[in-house]
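# Fold and contact review
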Amino acid sequence: DTIDTELAFALENFGTPPERIRERVREVVTEFRLGELDGRLRELSGGQQQRVACAAAVTHGPPALLLDEPTSNLSPQGIADLTAVLRHLRERGTTLVIAEHRLHYLRELADRIVVMQDGRVAKEWSRDEFPGLTEEMMREEGLRSLDAPERIHVAPAFGYGPSVQPAETRPEDTESTGESGGATAVAPAAGGEAAGGGVVLRGIRCAFRGRPVLDITEAHLPAGVITAVTGPNGAGKTTLARVLAGLQRHSGEVLLDGRTMSRSRRQRETAIVMQDVQRQLFTDSVTAELRLGAVPEQAGHAATVLADLDLDRFDERHPLSLSGGQQQRLVVATARLSGRRVVIFDEPSSGVDRRHLQSMTRTMRDVAEGGAVVLLISHDADLLALAADRELRLRPIR
Ligand SMILES: Nc1ncnc2c1ncn2[C@@H]1O[C@H](COP(=O)(O)OP(=O)(O)OP(=O)(O)O)[C@@H](O)[C@H]1O
Ligand SMILES: [Mg+2]
């Protein structure tokens, strides 16, 4: 239930003396900066949970550690912290095996990269070969870049309030906004966007047990474009998604095309791809899953969408038997066919390789071009660079 008991669990099973367990848990809490999080695991954000899981795996000092996409929900700061810990473990002689799509943090860490294809080893590169690996070679293998992705520079979405990171704190944006006050501002959308309407958030505040976690005075999310929602772990991104989907109690109001949307209307008009996709796979085949989510007007596109997302080979498979990345793409396909006015993708790219980042971006683009308000919540710089038209950057409320 709690961070401390989770960390102590393995040591307790090994019969470690309680005094030693307490000492070791304190060390790990410091090393992984878990002290700033309060308590219960169920209430942590996705990235916070991932940090706790990594910490729990190393508490008992295992000689070998296997990590399956440990960075899929981590902010750049979270990735830097994890890299430091992994480097430390490597120096102490721990064997590390890491399955990953985001390779840039492994450049300095890995001794070997093994590329797998259809269950076999297709390529193998040792550390001294890394400098010779060109962008073309990586692309050919369908791999993401070994170089750290550059910070994206997209226009800030209109928005301000305690949870919104003001644009002028990002030097590259000051020129375009010309603002000096507290607001992150671009002129609310030119031409087509304004005509297409969209979502306006006013005075949105959420708190958990009296602790405020989201506070947006005003923000605009235009229809027809992809608005990225970014910010560190725990900034309130998923909470905002839940507000828009009508799943979260809050104060303030949400308007669509100028009209207030009740929570129940939001539940009907919003599709959401959750950070944890397994929670939203309900049927016993890929085809049935799509049929469940598709509106009649969109059902005709099912075959194309499946082919685009490279899922057509799997139509009779049980959704839960698919790999993580395939499940992710399936839920994205369902959202594409949902015909909803507001479509939210919360960290859709865990388990997604380079090639599928592109097909996923095309799918999100189709949804936006159909006139929907599209929100892309992501830490994945590769995906943001491909897909984001606007950025609403959130920050934790202190
Ligand atoms: N049910 C809950 N009860 C108590 N606190 C919660 C609950 N859900 C979220 N929180 C807290 O609210 C804050 C915002 O959480 P949220 O999930 O919106 O973050 P996020 O920006 O999506 O983070 P991440 O990048 O890690 O997914 C976090 O500090 C989290 O611990
Ligand atoms: Mg989240």
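Rules and cut-offs
- Residue numbers restart at each chain and count upward from 1, following the sequence in its written direction.
- As a convention, the first chain written is A and the first ligand written is 1, with the rest following in written order.
- Thresholds applied to this predicted model are a pLDDT of at least 70 for local features of residues and 80 or more for the giving and counting of side-chain atom pairs; totals over whole chains, interfaces and linings are not thresholded and use all residues.
- With hydrogens and water set aside, each side-chain value is computed from the structure's full complement of heavy atoms.
- Numbering of helices and strands runs from the N terminus; a helix is a DSSP stretch of H or I covering at least four residues, while a strand is a stretch of E covering at least two.
- Note that the radius of gyration is over C-alpha atoms, with the globule rule given as 2.2 Å times the number of residues to the power 0.38.
- We call two residues contacting when some pair of their heavy atoms lies within 4.5 Å.
- With water omitted from the atoms examined, metal sites may look incomplete; donors here are N, O and S atoms no farther than 2.8 Å from the metal, or 3.2 Å in the case of Na, K and Ca.
- Burial here depends on accessible area, computed with a 1.4 Å probe over protein chains only, as a share of the maximum for the residue type. Under 20% is buried, over 50% is exposed, and the range in between is partly exposed.
- Here, a strand pair is defined by DSSP locating no fewer than two bridges between the strands.
- Structural elements are reduced to axes, namely lines fitted to C-alpha atoms, with helices fitted over the stretch in contact, and the angle between N-to-C directions of any two is expressed from 0 to 180 degrees.
- Grid points spaced at 1 Å and placed over the protein atoms alone form the basis of the search, with a cavity being a set where a 1.4 Å probe fits but cannot get out and a pocket an open set showing protein on both sides within 12 Å along at least five of seven lines. Lining residues have an atom within 4 Å of a point.
- Grid points are joined across faces, edges and corners, and a volume is the space filled by probe spheres set on the points.
- Throughout the structure description, domain borders are defined by an automatic or database domain assignment.
- In protein, a polar contact requires one atom able to donate a hydrogen and another able to accept it; more generally it is a pair of N or O atoms within 3.5 Å, and residues adjacent in sequence count only if both atoms are side-chain atoms.
- The near set for a molecule or strand comprises every residue that places at least one heavy atom within 4 Å of it.
- Residue polarity follows a fixed list, in which Ala, Val, Leu, Ile, Met, Phe, Trp, Tyr, Cys and Pro are nonpolar, Asp, Glu, Lys and Arg are charged, and the others, Gly among them, are polar.

When you go through the protein chain residue by residue, the secondary structure sums to 15 helices and 15 strands. A compact globule built from 398 residues should have a C-alpha radius of gyration of about 21 Å, and the protein chain, at 22 Å, falls within 12% of that. Dimensions of the protein chain along its principal axes, counting C-alpha atoms only, are 60 × 50 × 45 Å. Partitioning the contacts of the protein chain with sequence separation of at least 6, the portion at a separation of at least 24 is 68%.

Moving on, we come to the environment of Ser350. Summarising the element assignment, Ser350 is placed in the loop between strand S13 (342-346) and helix H14 (354-369). Residues Ser350 and His101, 249 residues apart in the sequence, show an inter-C-alpha distance of 8.2 Å. Each residue touching Ser350, except ones within four places of it in the same chain, is listed here: Glu69, Ser72, Arg102, Gly325 and Gln328.

Next up on the list: the coordination of the magnesium ion (ligand 2). Taken together, the protein ligands of the magnesium ion (ligand 2) are Thr238 (OG1) and Gln275 (OE1), with distances of 2.0 to 2.5 Å. Of this pair, Thr238 sits in helix H8 (residues 237-244) while Gln275 sits in the loop between strand S12 (270-273) and helix H10 (286-293); the two residues are 37 residues apart in sequence, bridging distant segments of the chain. Take Thr238: its relative accessible area is 29%, and that puts it in the partly exposed class.

Across the sheet, 6 strands lie side by side as S5-S15-S9-S14-S13-S12; this open sheet has parallel pairing. A single partner strand is all that each edge strand has here, and the edge strands are strand S5 (155-156) and S12. On top of the sheet, helix H13 (residues 324-336) reaches S12 and S13; it is set at about 170° to S12, its chief contact. Lying on the sheet, H14 is in contact with strand S9 (226-230), S13 and strand S14 (373-377); it crosses S14 at an angle near 150°.

With that settled, consider the layout of surface pockets. In this structure, the second largest pocket encloses a volume near 1600 Å³. Every residue lining the second largest pocket is counted, 42 residues in all, and those nearest its centre are Glu100, His101, Val114, Val115 and Met116. Of all the secondary structure elements, the ones that give two or more residues to the lining of the second largest pocket are strand S2 (95-99), strand S3 (112-117), helix H5 (135-140), H13 and H14. Here the lining of the second largest pocket takes 6 residues from S3, the largest share from any one element. Composition of the lining of the second largest pocket by domain shows at least three residues from each of domain 1 (3-140) and domain 2 (155-393).

This part covers the side chain of Thr270. Mapped onto the elements, Thr270 comes out in strand S12. For Thr270, a relative accessible area of 7% puts it in the buried group. Only 2.7 Å separates the side chain of Thr270 from the backbone oxygen of Arg266, close enough to count as a polar contact. If sequence neighbours within four positions are ignored, Thr270 has contacts with Leu244, Ala245, Arg340, Val342 and Ile344.

Taken together, 19 residues sit near ligand 1, with Ser45, Gly47, Lys237, Thr239 and His379 positioned nearest. Gln48 has a polar side-chain atom sitting 3.0 Å from an oxygen atom of ligand 1. Secondary-structure elements contributing two or more residues to the shell around ligand 1 are helix H3 (46-58), strand S8 (211-222) and H8. Here the shell around ligand 1 is built from residues that sort into 5 nonpolar, 11 polar and 3 charged. If you count residues domain by domain, the shell around ligand 1 takes at least three from each of domain 1 (3-140) and domain 2 (155-393).

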